[in-house]
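Coordinates in review
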Amino acid sequence: MLRSITISNGWRHGRALLLGLTWSLLGMTAVVAQEAPPPSIDEAQATAREAETPIPPLADATAEAEAEIARAVDEDRITFDVRLDDSRGGGTVKGAAGSFELQEEEWLTASDGLVLRYKDIVLRADRARIDIPSNTLVAEGNITLDQGPQRLTGESLEYDLDTQTGRLTNATAYVHPDYYFYGSEISKVGPQDFTVLDGTFTSCSAEVPPWDIRLSRANITLDDYAHIYNARIRAKRLPLLYVPYIVWPTVTDRASGFLIPKPGFSENKGAYLGLAYFQTFGRSADATFYADLYSEEFFGVGAEVRYRPSERTTGTIRGFVIDEPDMFDRMETFGSQIDPTLTDEGETRWKLEYFHETVWDKWKAVVAFQDFSDFDYQQDWERSLRNQTRPDIYSYAFLNGDFGQQSVSVLVDRRERISSSGLDDIRHQLPEITYNLRPTKLVDGAVPIYLSVASSLNYFALDIADTNLDYGRFDALPLFTAPLSELPWLSVTVSAGARFTHYTDSLSEDLSEVSGESLNRTFGTGSVEVVGPSFARIYENEIGRFSKFKHIIEPQITYTYVDEFDDQARVLRFDTIDTLQLRNDVVVAIVNRIIAKPKDESEGGAYEIASFSLAQAYNFDNRFPGQVSNNLCFGQGFDPLSDCPDSTQEGPLLAAFRFNPSTFTSLRADATYNTLFNEFQAVSLSGGIGWSANSGIGVTWYRNLTLDFFDDGSLNSQVTNDQLQLFTKFELVKDRLFFDSEVSYDIELSEVLQQRHFLRYESQCYGLSLEVRQSTFGNNRIANPDFETTDVRLSLSLKNVGTFLDISGGTDSF
């Protein structure tokens, strides 16, 4: 039977403290949810050490007291061991002190460096008296009372050892996980129950906490709820907000309740208020319900449900519905800035996402479903660049099994593509069944032979441009490989195979329609790969963090052959299996590699820090030259002499450079140089320089060109893609202030596509985050190419409380 476990919550910020600023200002009761378990005791201690702030020791106070009592004899102190009345709980009081008096079965007093242990309670004080018949304790001066992860300190104490309840004056209390209470009086009224009078609450350990809640009274039950009366929320003791009554969970797990409302403003949608309610369903499931309100008549509701019934099974369901107003009614306010064709008479738009994963033994099952009311939903309502620019909507489910060298899987999926013509383009696999065999030795002789197999069985259902088509496909590619040389400086590998594909349907002979006839396709493939002879030289020079270097020069020659299939034009194309790229070419490359060994052995062994390769292909088939002077002169029936004389069988030069001297620094550069035109055809650069885990910069640049040479000798060079992405990450103040940035820039259009900047401040007990985002993605860009949207988001999170404030606002410009 699968056991129930607790859901971890790394998916959103911690717990909420108040019902919201709006309700608080109205003086209403604030009841809030707790979504994520708090940090562990070890994490709390580590956080405090990093912040150099005091925190009560959370080691075993009982063991420490026993050790101190044992040492007291050598320190010329009095040790004692007194049995208490069995009718009042019994047990033994052990301790050590500079002064001690005992009246048999009546009382005992101790002072001067007193340490006392009773069961799991450890007391330190200047003076203490125990009434033995009643098992009551009275103590004064520099009191510290430890019980497990709880610590109370104060000036005077009255405590019942039997019920383990009592009252402490001018007191402080520390309870797990990092809750601090200060009050004129703190009473322990039950095993997990406390009351605080005229005090403060915080999760900060500093003497003047960055934030706290001043209160007149609080009733606290650990692993349940705290009820606070007349709460004044303060920052560095500066009053910010008054709430007459707060209820918030003190459980170390999740708790149901309202989350902090999120206010905001959008120039297009008006003032915004986001409301949410969090509901737990036992230890293994929960749900969050959302309501988004806008002053310009937008209204949205949604929900997220999570479940994890076992360690190997998890799932999430997300859904959201947004009701948009009639744009015609708002034209008077926003004028031509709004394209009325986008939402003619108001529209209800939605998204639905579902993910489920189960893993057991050698099997893995996944279901991932997503659907949207329209493609523009992602551009209008999603924040991330990845979602805004996604070209399709993809759903799938698969079952995969891995058995050593073999694997089998069953997949069903649905992909809906964006069509520029506005027609449907929906493609299903119902299902795809695959069987793969990784290279397995068949012959173990002087020349070992390995067999690998890639095979699949598919049933396709297509709805493209109002045309429905269903057909099946079986494909198998067995491949035999034999290493002819296993010398360390020379490698020769030969492979040969054949691809067989059966289609239950195909195009007609004139390619005008689907014929309804089956089609079998068979073609052979083979390759010879030679690596070496390799040359190497070792340098003993010390450079930077490395003590030794090895330079390797490695020639590589690869010949590849792929046979023809006469009826390839009749093949229905769904994926790369259906394409057939005829090959009869050789690729010659020279590779330089630099391997370095660190001075410090703790950093590991030698590894490759740099490489540079230069490669060029030569095609032996005159019908398919490596470079042509016009993109149109290529394909079946092409005559290189009469149709396109400016061509060559040589391919472009391909250069690749890699440099990664450390974990935080890397560089990658690639270039394609067209020798026919003496022009670079594609250039890309990516990399990053970092000096710590929290600081560094990264860049990605890609430029692609289309080159055409005309009969009059003129050259047309057209840039098809020229984009730059810049990433920065800076730790401005160590462990405190951070700045992150992401910028996507289209060099050809001289336009910033999207930029996001984050400024974060992290304290020992709170965090501030400011995000600024500017984007040119969205529906309104169709009507106005100069459209862009800018929004700002400010959030404040409190330790062991969660997101306390989340404010966002935005403007649109045209």
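So, a few notes on the structure that sits alongside this text. (Residues numbered from 1 in each chain as written. Predicted model: local features only at pLDDT ≥ 70, side-chain atom pairs only at ≥ 80, totals over all residues. Heavy atoms only, no water.)

Let's talk about the overall build of the protein chain
Quick note on the threshold: Labels follow the DSSP assignment, with helices taken as runs of H or I lasting at least four residues and strands as runs of E lasting at least two, numbered in each case from the N terminus. Only protein chains enter the calculation, and the probe is 1.4 Å; a residue is then buried if its accessible area is under 20% of its type maximum, exposed if over 50%, and partly exposed in between. Note on definitions: a residue-residue contact is assigned when non-hydrogen atoms from the two residues lie within 4.5 Å. Residue burial considers only the protein chains on display, and all accessible areas are found by Shrake-Rupley using a 1.4 Å probe.
Looking only at helices and strands, the protein chain has seven helices and 45 strands in total. Expressed as a percentage of the 814 residues in the protein chain, the buried residues total 42%. Put simply, 48% of the contacts in the protein chain that link residues at least 6 apart link residues at least 24 apart. In the form shown here, the protein chain has an accessible surface area of approximately 41,000 Å², with 55% of it arising from carbon and sulfur atoms.

Section: the pattern of salt bridges
For the record, the criterion: Any Lys or Arg side-chain nitrogen found within 4 Å of a carboxyl oxygen on Asp or Glu counts as a salt bridge.
Per the counting criterion, the structure on display carries 34 salt bridges. Here aspartate 198 makes a salt bridge to arginine 214, at a shortest N to O gap of 2.9 Å. You can see aspartate 198 sitting in strand 11 (residues 193–202) and its partner arginine 214 sitting in strand 12 (residues 211–221), a full 16 residues away along the chain. Between arginine 593 and glutamate 554 there is a salt bridge, and its shortest N-O distance comes to 3.8 Å. Here arginine 593, found in strand 32 (residues 583–598), pairs with glutamate 554, found in strand 31 (residues 546–562); they are 39 residues apart in sequence, far enough to count as distant. With a relative accessible area of 24%, arginine 593 lands in the partly exposed category. According to the relative accessible area criterion, glutamate 554 is buried, its value standing at 14%.

Concerning the state of the cysteines
Spelled out, the test is: By convention in this document, the label disulfide applies to cysteine sulfur atom pairs within 2.5 Å.
Here the structure, examined in full by the defined rule, presents one disulfide. There is a disulfide in this structure between cysteine 204 and cysteine 765, and the S-S distance comes to 1.8 Å. Note on the cysteine 204 and cysteine 765 pair: the S-S dihedral is about 90 degrees, so by sign convention the disulfide is right-handed. In this pair, cysteine 204 is assigned in the loop between strand 11 and strand 12 and cysteine 765 in the loop between strand 42 (751–762) and strand 43 (766–775), connecting sequence segments 561 residues apart. We classify cysteine 204 as buried; its relative accessible area is 0%. On the basis of relative accessibility, which here comes to 1%, the residue cysteine 765 falls in the buried class.

Things to note about the side chain of asparagine 458
The condition that has to hold: Polar contact is defined as a pair of N or O atoms within 3.5 Å, subject to the rule that within protein one atom must be able to donate a hydrogen and the other to accept it, and that residues adjacent in sequence are counted only when both atoms are side-chain atoms.
Mapped onto the secondary structure, asparagine 458 falls in strand 26 (residues 449–464). A polar contact of 3.2 Å, which involves the side chain of asparagine 458, links it to the side chain of glutamate 432. In terms of polar contacts, asparagine 458 uses its side chain to reach the side chain of serine 456, at 3.3 Å. In this structure asparagine 458 touches Gln429, Pro431, Glu432, Tyr471, Gly472 and Arg473, once residues within four positions along its chain are discounted.

Brief notes about the environment of alanine 446
By secondary structure assignment, the location of alanine 446 is in the loop between strand 25 (425–443) and strand 26. Considering only alpha carbons, one finds alanine 446 and proline 483, 37 residues apart in sequence, at a separation of 9.9 Å.

What to know about the nonpolar core
Our working definition: For our purposes a nonpolar core is just a set of buried Ala, Val, Leu, Ile, Met, Phe, Trp, Tyr and Cys residues, chained together by side-chain atoms within 4.5 Å.
Grouped together as the largest cluster of nonpolar side chains are 53 residues, with contacts concentrated most on Leu123, Ile130, Leu137, Leu157, Phe181, Ile186 and Ile220. Beyond its immediate chain neighbours, meaning those up to four positions away, isoleucine 130 contacts Leu84, Val93, Glu106, Trp107, Leu108, Leu116, Thr136, Leu137 and Leu161. Grouped together as the second largest cluster of nonpolar side chains are 16 residues, Leu507, Val562, Phe574 and Leu580 included.

Some remarks on the packing of aromatic side chains
Each aromatic ring pair is described using two quantities: the centre-to-centre distance and the angle formed by the ring planes. Definition in use: For Phe, Tyr and Trp, where Trp contributes only its six-membered ring, two rings pair if their centres lie within 6.5 Å, and the inter-plane angle classes them as stacked under 30 degrees, edge-to-face over 60, or tilted in between.
A full pass over the atoms with the stated rule returns 20 aromatic pairs. Ring plane angle 50 degrees and centroid distance 5.1 Å describe the contact between tyrosine 174 and tyrosine 180, whose orientation is recorded as tilted. Aromatic side chains phenylalanine 546 and phenylalanine 549 sit 5.9 Å apart centroid to centroid with 65 degrees between the ring planes, which places their arrangement in the edge-to-face category. We note that phenylalanine 546, like phenylalanine 549, is buried. Taken together, Phe181, Phe201 and Trp211 form an aromatic cluster joined through their ring pairs.

Some points on the pairing of strand 19 (residues 299–310)
What counts here: Paired strands, as defined in this entry, are two strands with at least two bridges between them according to DSSP.
Note: strand 18 (residues 285–294) against strand 19, nine bridges, orientation antiparallel. Its bridge partner lying in strand 19, phenylalanine 289 is registered against alanine 303. Here strand 18 folds back onto strand 19 in antiparallel fashion, the turn holding four residues, of which glutamate 297 has a positive phi close to 75 degrees. Here 10 bridges tie strand 19 to strand 20 (residues 313–324), and the two strands are oriented antiparallel to one another. For serine 310, the partnering residue across the bridge sits in strand 20 and is threonine 313. Between the end of strand 19 and the start of strand 20, which pair antiparallel, lie two residues.

Thoughts on the environment of lysine 119
Looking at the element boundaries, lysine 119 is found in the loop between strand 5 (107–118) and strand 6 (121–131). By relative accessible area, which is 41% here, lysine 119 ends up partly exposed. Separated by 26 residues in sequence, lysine 119 and valine 93 place their C-alpha atoms 8.0 Å apart. Not counting chain neighbours up to four residues away, the residues in contact with lysine 119 comprise Thr62, Gly89, Gly90 and Gln164.

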